[in-house]
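Residues per chain, in single letters:
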Amino acid sequence: MERIRKSPSPLKRLLIQLSPFGLVSPEQAILSLELRRIPWKGSFKQCMRKTAGWLVGTICITFIAWVIISSLLLLITRQSALQLMVLTQGTIIFVMVGITGLGLYSLLLDFTSIRAALGSINTDIHSGRLDMIRLTTMREGQFILAKHGASQLRAWRSTMLLVGARLGLMVVLCIWFPLYAAADMRLDMASMMYALPTMPVVEAIRSSDPLLYLIGIIITLFAFLSFGTTFVLEPIWRMRGMTAAGMAVSARITDHSLASISAFAVLLAGWMAQFVIILGTIIFGFFLAPFGIFLLPFVSFACVFLVYMAFFSLVKTVSLRVVARKIVTLAD
């Protein structure tokens, strides 16, 4: 583990902190045992290597898909004056369809995550392994964190594929936006990024004043960075929360069949909560729109994913406490 901590690469350190190994050492006994049961034969080195492969692969696939679609659109458009507009509209449609499709895939990630943790606790209770662990010096907190880390690793591949696809969309936007701005065009925010074209920031973007135009671009970039960060990182918090929820179900219900039914009920409740979050954010945005607060749709999207991250963080905390209370009760 010392070798991991001395890694000079900030990107690698960030990846480790976001991974299940951020809180639990790969050498931890329970986690090391659980790693052998993962279908892709998980270990720390293999996990980092495969994670990089999954991320790069999905980013490349997303980027290549955008290039192919954009090339076809440009070939169809014979008038050179309309090519930039066609490229802009095609990119916006591609990104919006991608966001919608990946949003649906997030629901599948919820199912994968909760299923990955469904047998994490009750299996140890039935086999008597939990009683044997109590005879060792391992604390309940270490045991819970190790089981949570192992559950996350079972859902890690699906999570990284989703993160990689979202990163691919961000790469597409990062490449397209400078190309569009370099053409000395005034961004039509009414049809692209801005929902309220009468707001002052939008007027600043459309202004011929270079200073106001620069301020508008800076605000746009800030909104884009806020959206990109929350959009990319949200699946990790989602996976952490749902795996913890699966552990809570596994700890409270020892019967596997009944645990599966309960997990499905928890999954439906989670989906309903996410729907309420989206609906609440939309209503909140409409109420605050006259004050110019929810000016940018990118900011609105960032707030949605930020609330998602807070929601799943709360789910994780509450679920792991449920597991801890159950283990303490069994010890008594």
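A short tour of the structure in this document, coming up. (Residues numbered from 1 in each chain as written. Predicted model: local features only at pLDDT ≥ 70, side-chain atom pairs only at ≥ 80, totals over all residues. Heavy atoms only, no water.)

### Looking at the overall build of the protein chain
And then number 1: The helix and strand tally for the protein chain stands at 13 helices and zero strands.
And then number 2: In sequence order, the protein chain lays out its α and β elements as α-α-α-α-α-α-α-α-α-α-α-α-α.
And then number 3: Taking all 332 residues of the protein chain together, 46% fall into the buried category.
And then number 4: A fraction of 79% describes how many contacts in the protein chain between residues 6 or more apart in sequence connect residues 24 or more apart.
And then number 5: A total of about 17400 Å² of accessible surface is found on the protein chain, and carbon and sulfur atoms cover 71% of it. (Helix = DSSP H or I, 4+ residues; strand = E, 2+ residues; numbered from the N terminus. Buried < 20%, exposed > 50% of the residue type's maximum accessible area, 1.4 Å probe, protein only. Contact = heavy atoms within 4.5 Å. Areas by Shrake-Rupley, 256 points an atom, 1.4 Å probe, with all protein chains shown as cover.)

### Topic: the environment of M247
And then number 1: Locating M247 in the fold gives a position in helix α11 (residues 210-252).
And then number 2: In this structure, the C-alpha to C-alpha distance between M247 and I114, residues 133 residues apart in sequence, is 7.8 Å.
And then number 3: Among all residues touching M247, those that are not within four sequence positions of it are A117, S120, I121, I144, K147, H148, S151, L320 and V323.

### Some points on the packing of aromatic side chains
And then number 1: If you walk through the whole model with that rule in mind, you get seven aromatic pairs.
And then number 2: Between F227 and F231 the ring centres are 5.1 Å apart and the planes differ by 20 degrees, which places this aromatic pair in the stacked class. A residue pair is termed a helical-turn pair when its members lie 3 or 4 positions apart in one helix, as F227 and F231 do in helix α11 at four residues. Pair check on accessibility: F227 and F231 agree, each one buried. (Phe/Tyr/Trp six-rings, centres within 6.5 Å; stacked < 30°, edge-to-face > 60°.)

### Section: the nonpolar core
And then number 1: Of all hydrophobic cores here, the largest spans 74 residues; its most connected members are F21, L31, F143, M170, F227, F231 and V323.
And then number 2: Per-element accounting of this core gives the leading share, 13 residues, to α11. (Core = buried A, V, L, I, M, F, W, Y, C linked by side-chain atoms within 4.5 Å.)

### Let's talk about helix α8 (residues 140-154)
In an α-helix there are 3.6 residues to a turn, and that puts residues three or four apart on one side.
And then number 1: The first and last C-alpha atoms of α8 sit 21 Å apart over 15 residues, in line with the 21 Å expected at 1.5 Å per residue.
And then number 2: Inspection of α8 places F143, I144, A146, K147, H148, G149, A150, S151, Q152 and L153 among the buried residues, and these make up the whole buried set. (Expected span 1.5 Å × (residues − 1).)

### Quick notes on the layout of surface pockets
And then number 1: For the second largest pocket, the calculated volume is near 380 Å³.
And then number 2: Of all the elements in the fold, those that place two or more residues in the lining of the second largest pocket are α2 (10-18), α4 (44-76), α9 (156-182) and α11.
And then number 3: Broken down by element, the lining of the second largest pocket gets its largest block of residues, five residues, from α11.
And then number 4: When its residues are assigned to classes, the lining of the second largest pocket shows 13 nonpolar, two polar and no charged. (1 Å grid on protein atoms, 1.4 Å probe; cavity = no way out; pocket = protein on both sides within 12 Å on 5 of 7 lines; lining within 4 Å. Points joined across faces, edges and corners; volume = space filled by probe spheres on them. Nonpolar A, V, L, I, M, F, W, Y, C, P; charged D, E, K, R; others polar.)

### Comments concerning the environment of I277
And then number 1: Note that I277 resides in helix α12 (residues 256-288).
And then number 2: Residue I277 is classed as buried on the basis of its relative accessible area, which comes to 12%.
And then number 3: Sequence-wise, I277 and F311 are 34 residues apart; in three dimensions their C-alpha atoms are separated by 9.1 Å.
And then number 4: Excluding its chain neighbours within four sequence positions, the residues that come into contact with I277 are V304, V307, Y308 and F311.

### Regarding the side chain of R166
And then number 1: With respect to the helices and strands, the residue R166 is situated in helix α9.
And then number 2: Within the structure, the side chain of R166 is placed 2.6 Å from the backbone oxygen of F231, a separation counted as a polar contact.
And then number 3: Once you skip the residues sitting within four places of it in the chain, R166 turns out to touch L102, S106, F231, V232, E234, P235 and F305. (Polar contact = N/O pair within 3.5 Å; in protein donor to acceptor, adjacent residues only side chain to side chain.)

### A look at the pattern of salt bridges
And then number 1: One pass over the structure, following the stated rule, counts four salt bridges.
And then number 2: Two residues, R238 and D110, come together in a salt bridge whose shortest N-O distance is 2.9 Å. Of this pair, R238 sits in helix α11 while D110 sits in helix α5 (residues 80-116), and the two are 128 residues apart along the sequence. For the pair R238 and D110, a shared accessibility class is recorded, and that class is buried.
And then number 3: With a shortest N-O distance of 2.7 Å, R238 and E234 are connected by a salt bridge. Here the residue R238 and the residue E234 both occupy positions in helix α11, the gap between them amounting to four residues, near one helical turn.
And then number 4: Connected through salt bridges with shared partners, the residues D110, R166, E234 and R238 form a single ionic network. (Salt bridge = Lys/Arg side-chain N within 4 Å of Asp/Glu carboxyl O.)

### Overview of a positive patch on the surface
And then number 1: On the surface, K12, K45, R49, K50 and R157 cluster together into a positively charged patch.
And then number 2: Top element by residues in the positive patch is α4. It accounts for three residues.
And then number 3: Summarising the element assignment, R157 is placed in helix α9.
And then number 4: Overall, R157 belongs to the partly exposed group, its relative accessible area being 39%. (Patch = residues over 30% accessible without salt bridge, like charges linked within 9 Å, V, L, I, M, F, W, Y side chains within 5 Å. Lys, Arg positive; Asp, Glu negative; His and termini not counted. Charge placed at Lys NZ, Arg CZ, Asp CG, Glu CD.)

In short, geometric facts, not functional conclusions.
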